[in-house]
Amino acid sequence: LTKASLDDLAVFGGVPLFSEIKPVGQLASPEPDRFLEEVRAIFDRRELTGNGPVVKTLEARLAALHGTAYCITVANACLGLVMMLRLVTRGRTGNVIVPAFSYSGIPHVVQWAGHMPKFCDVEELRHGLDPRSVRAAIDEKTVAILAVCNVNSACEISSLASIAKEKQLPIIFDSVSALGATYGGRMLGSFGDAEVFSLHATKMLNGFEGGYVTTNDGKLAEELIALRDGPRVNASLNEIHAALALLSLDMLDEIVERNRKRYEAYASVCARIAGLDLVPYVHAERERYTYQMAFAHVHEPWPLTREATIRVLRAENAFAMPYYSPPLHRSSHCPPGMIVPPMPVSESLAQRFMYLPVGEHTTIADVEALGELLEWISGRGDELRVRLRDSA
Ligand SMILES: Cc1ncc(COP(=O)(O)O)c(C=O)c1O
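Residues numbered from 1 in each chain as written. Predicted model: local features only at pLDDT ≥ 70, side-chain atom pairs only at ≥ 80, totals over all residues. Heavy atoms only, no water.

### Description of the overall build of the chain
Heads up, the rule is: Secondary structure elements are defined from DSSP: runs of H or I of at least 4 residues count as helices, runs of E of at least 2 residues count as strands, and each element is numbered from the N terminus. Throughout, radius of gyration means the C-alpha value; the globule benchmark is 2.2 Å times the number of residues raised to the power 0.38. Only protein chains enter the accessibility calculation, which uses a 1.4 Å probe; a residue whose area is less than 20% of its type maximum is buried, one above 50% is exposed, and one in between is partly exposed. When checking whether two residues touch, look at their non-hydrogen atoms; a contact exists if any pair is within 4.5 Å. For this count, His and the chain ends are skipped, Lys and Arg are scored as positive, and Asp and Glu as negative. Working definition for charges: the position is that of NZ of Lys, CZ of Arg, CG of Asp or CD of Glu.
Of the regular secondary structure elements, the chain holds 13 helices and 13 strands. Relative to a compact globule of 392 residues, whose C-alpha radius of gyration would be 21 Å, the chain shows 22 Å and is just as compact. The principal-axis extents of the C-alpha atoms in the chain amount to approximately 65 × 55 × 40 Å. Residue burial in the chain is summarised as follows: out of 392 residues, 56% are buried. Counted over contacts in the chain with a minimum sequence separation of 6, partners at least 24 positions apart contribute 72%. The positive charge centre, built from 39 side chains, and the negative charge centre, built from 47, are 5 Å apart in the chain.

Here's what the structure looks like:
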């Protein structure tokens, strides 16, 4: 480690540990030349968009990956969610049940689809909708459930799907963060009425931007295609994005393997540091995961608050981030004036976790260097806390 005194920390003007930013995101990078060959072929075919052959191949490959009858690509996951929420509610408007501890776009996609979000608490293990909270929240205004599967685990899919069935409500899964994971040994993609995935560069499959919807419901698939391709909106994926996504799909197994090694390196770093616990993948012995993310629970005796830790790490170009914080019902993403009861689990989880740098731009050596820095920090807690407070 190149740090000898606190002055060497980048937050106090020292040289950052990393010369380039170490981000939180997969950023899978197929060989640029391979990609450019595909781009040339697309131009040669003079078919740049509009359900061309690359999009069709991608859809077939993704349907096979997820074991679903249909895969419909879209311009991005947000638009996929908006369109699905419009379709499954069949002209009715009302409340859509959503988790309070989740991605900031969730309440917005619900409103873009013409509904209002109804926040429910999540459960401790999987960080997804708590079935008890969902059951208590359903009333005559409820028109759908939008459940989210997270990086470290799918949500309680069986219980939520049973509630949806019993109450005759459609249920959509936002599985953006869980692409490639299983639930009960079955690949995500075919649960509920439909599932939605992203092809954003930071996600498991990189299409620069993009998304897709998987379903076994042929009517819904047809309706989605009709909605996606106009005349009212255009939300289709183009050939060039699809070509990159296909190349990253070819690399999926190797990406997962690199992710798993990086995650294991973080596990051994965190095992040496009191108060930084790497969050486990739930039932990893029987489920499959892509180990895309690494996030830690920050707690005593770790000497700094999560926010102070993030400040120090970011200055070092390790782009740590709070994980889903603040919870949606306590954030600017909550519709103005909406009164939401306390959501104790969401509120508690939102204070705990910090994402660590991952993805193709973070090597095992980087994780080890970060580990050394964290160990060094943990031995200088009192001194560092005072310096940080004085320099705030
Ligand atoms: C859980 C979740 N859902 C949806 C999205 C939106 O994906 P996209 O950028 O493809 O619209 C994201 C993006 O980060 C996400 O994390």
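### As for the pattern of salt bridges
Applied cut-off: Counted as salt bridges are all cases of a side-chain nitrogen of Lys or Arg within 4 Å of a carboxyl oxygen of Asp or Glu.
As enumerated under the stated definition, the model contains 26 salt bridges in all. A salt bridge links Arg 228 to Glu 59; the shortest N-O distance between them is 3.5 Å. In this pair, Arg 228 sits in helix H7 (residues 218–228) while Glu 59 sits in helix H2 (residues 53–66), placing the two residues 169 residues apart along the sequence. Each of Glu 254, Arg 258, Arg 262 and Glu 360 takes part in salt bridges that share partners, so that together they form one network.

### Concerning the sheet that holds strand S5 (residues 171–174)
Counted only if it meets this: Pairing between strands requires that DSSP locate at least two bridges from one strand to the other. Lines fitted to the C-alpha atoms define the axes, with helices restricted to the stretch that makes contact. Angles between their N-to-C directions range from 0 to 180 degrees.
The strand order across the open sheet formed by seven strands is S1-S9-S8-S5-S4-S2-S3, and the pairing between neighbours is mixed. Of all the strands in the sheet, the pair left with one neighbour each is strand S1 (70–74) and strand S3 (116–120). The sheet shows a mean angle of 25 degrees between the axes of neighbouring strands, taken without regard to direction. Sheet analysis places strand S2 (residues 95–99) next to strand S4 (residues 142–148), joined by three bridges and oriented parallel. By the bridge assignment, Asn 95 is partnered in S4 with Thr 142. Sheet contacts for H2: S1, strand S8 (194–198) and strand S9 (211–215); angle to S1, the most-contacted strand, approximately 130 degrees. Here helix H6 (residues 157–166) sits on the sheet and contacts S4 and S5; the angle it forms with S5, its principal contact strand, is near 155 degrees.

### Some details on the side chain of Thr 142
Formally: Identification of polar contacts relies on pairs of N or O atoms within 3.5 Å, with a donor-acceptor requirement for protein atoms, meaning one able to donate a hydrogen and the other able to accept it, and with residues adjacent in sequence counted only if both atoms are side-chain atoms.
Inspection of the secondary structure assignment puts Thr 142 in strand S4. Taking the relative accessible area as the measure of exposure, Thr 142 reaches 2% and is therefore buried. In this structure the side chain of Thr 142 is engaged in a polar contact, spanning 2.9 Å, whose partner is the backbone nitrogen of Asp 139. When near neighbours in sequence (up to four residues on either side) are disregarded, Thr 142 contacts Arg 92, Asn 95, Ile 97, Ala 137 and Leu 169.

### Some words on the site of the ligand
Our working rule: Nearness is defined per residue: one heavy atom within 4 Å of the molecule or strand is enough. Buriedness of a pocket was judged along seven lines, with at least five required to meet protein on both sides within 12 Å; pockets are open sets of points on a 1 Å grid over the protein atoms alone, cavities are sets where a 1.4 Å probe fits but cannot get out, and lining residues have an atom within 4 Å of a point. Should more than half of a molecule's atoms lie within 2 Å of a pocket's or cavity's grid points, that molecule is taken to sit in it. Throughout this entry, Asp, Glu, Lys and Arg are counted as charged residues, while Ala, Val, Leu, Ile, Met, Phe, Trp, Tyr, Cys and Pro are counted as nonpolar. The remaining residues, Gly among them, count as polar.
Taken together, Asn 76, Ala 77, Cys 78, Tyr 103, Asp 174, Val 176, Ser 177, Ser 198, Lys 203 and Gly 210 are the residues near the ligand. The side chain of Ser 198 places a nitrogen or oxygen atom 2.7 Å from an oxygen atom of the ligand. When each cavity is represented as a set of grid points, the ligand is found to reside in the largest pocket. Tallied by class, the residues present in the shell around the ligand amount to four nonpolar, four polar and two charged.

### A few points about H7
Every α-helix winds through 3.6 residues per turn, so residues three or four apart in the chain are directed the same way. In plain terms, the rule: Arc, as used here, means the arc of the directions from the helix axis to the C-beta atoms.
By the burial criterion, the buried members of H7 are Leu 220, Ala 221, Leu 224, Leu 227 and Arg 228. Taken end-on, H7 shows its buried residues confined to a sector of 130 degrees, consistent with a single buried face. Away from its buried face, by an angle of more than 90 degrees, H7 presents the exposed residues Lys 219 and Glu 222. Where H7 is buried, its residues touch H2, S1, helix H3 (77–88) and S9. The opening residue of H7, the one whose side-chain oxygen lies 3.0 Å from the backbone nitrogen of Lys 219, is Asp 217. With its phi angle positive at about 90 degrees, Gly 230 sits one or two positions after the end of H7.

### A look at the pairing of S8
Across the five residues of S8, five count as buried, placing the element largely inside the fold. Where S5 lies against S8, three bridges are found, and the strand directions are parallel. Each bridged residue has a counterpart across the sheet, and for Ile 172 the counterpart in S8 is Ala 194. The pairing of S8 with S9 spans four bridges and is classified as antiparallel. When the bridges of S9 are listed, Val 196 appears paired with Val 213.

### Remarks on empty space enclosed by the protein
Keep this limit in mind: Grid points are joined across faces, edges and corners, and a volume is the space filled by probe spheres set on the points.
Scanning all chains against the criterion turns up one cavity of 30 Å³ or more. By volume, the largest cavity is sized at about 40 Å³. Val 151, Ser 177, Ala 178, Leu 179, Ala 181, Tyr 281, Tyr 289, Thr 290, Gln 292 and Met 293 are the residues that line the largest cavity.

### Looking at the packing of aromatic side chains
Here is the rule: Each Phe, Tyr or Trp ring (for Trp, its six-membered ring) is paired with any other whose centre lies within 6.5 Å, and the angle between the two planes then decides the class: stacked below 30 degrees, edge-to-face above 60, tilted in between. For a ring to carry a charge above it, either NZ of a lysine or CZ of an arginine must fall within 6 Å of the ring centroid while also lying within 35 degrees of the normal to the ring plane.
Scanning the model with the defined rule gives 16 aromatic pairs in all. The interplanar angle of 70 degrees and the centroid separation of 5.9 Å between the aromatic rings of Phe 295 and Tyr 355 together place this pair among those described as edge-to-face. Of the two residues, Phe 295 sits in strand S11 (residues 295–298) while Tyr 355 sits in strand S13 (residues 353–355), which places them 60 residues apart along the sequence. Taken as a pair, Phe 295 and Tyr 355 share a single burial class, namely buried. Relative to Tyr 355, the ring of Tyr 323 lies with its centre 5.0 Å away and its plane at 80 degrees, an arrangement referred to as edge-to-face. Here Tyr 355 lies in strand S13 and Tyr 323 lies in the loop between strand S12 (321–322) and helix H11 (344–352), a separation of 32 residues in the sequence. Tyr 323 sits in the buried class, given a relative accessible area of 1%. What links up through ring pairs into an aromatic cluster is the set Phe 101, Phe 295, Tyr 323, Tyr 324, Phe 353 and Tyr 355. Against the face of Phe 191 rests Arg 186, its NZ or CZ located 3.9 Å from the ring centre.

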